[in-house]
Amino acid sequence: MPAEANENRAIDVHLDRLLAERGMTLTELAAAVGVTNVNLSILKNGRAKAIRFTTLTSICHVLDCQPGDLLSYREADDSTIEPA
């Protein structure tokens, strides 16, 4: 994906902040959720194209948060958003 497309994504992921607030590493979260470090890293860096509800539910359970704490929407230039 071109860098400029990634910068204009409309969904922001706040996994770094949540992990820091809880004193947890990505590796610890991956083990607790049952996903790979690579997949969580892709999510954390905003490169994920999708997330399963089961994964989102597990992350929220482990981090004791709501989906809105993890993800937020912001307006983006429609021309840079890739269609589903």
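All figures in this text were calculated on a predicted structure; none of them were measured in a lab.

For the rest of this paragraph, the subject is the confidence of the model for the protein chain. Scored by pLDDT, the protein chain has a mean of 88; 80% of the residues are at 70 or more. Note that residues 1-5 has pLDDT below 50 and, in this model, four contacts with residues that lie over four places away or in other chains.

The next point concerns the packing of helix α3 (residues 26-33) against helix α5 (residues 53-63). The N-to-C vectors of α3 and α5 enclose an angle of 120°; their axes lie 9 Å apart at closest approach. Judged by the inter-axis angle, α3 sits oblique to α5. In this structure, α3 meets α5 at a crossing whose hand is right-handed. Of the residues in α5, those touching α3 at Leu29, Ala32 and Val33 are Thr55, Ser58, Ile59, Val62 and Leu63.

What follows deals with the side chain of Thr55. Its location among the elements puts Thr55 in helix α5. Thr55 sits in the buried class, given a relative accessible area of 18%.

Conventions we followed
- Residues numbered from 1 in each chain as written.
- Predicted model: local features only at pLDDT ≥ 70, side-chain atom pairs only at ≥ 80, totals over all residues.
- Heavy atoms only, no water.
- pLDDT = per-residue confidence, 0-100.
- Contact = heavy atoms within 4.5 Å.
- Axes fitted to C-alpha atoms, helices over the stretch in contact; angles between N-to-C directions.
- Helix = DSSP H or I, 4+ residues; strand = E, 2+ residues; numbered from the N terminus.
- Parallel < 35°, antiparallel > 145°, perpendicular 65-115°, else oblique.
- Left-handed = near helix turned anticlockwise from the far one by under 90°.
- Buried < 20%, exposed > 50% of the residue type's maximum accessible area, 1.4 Å probe, protein only.

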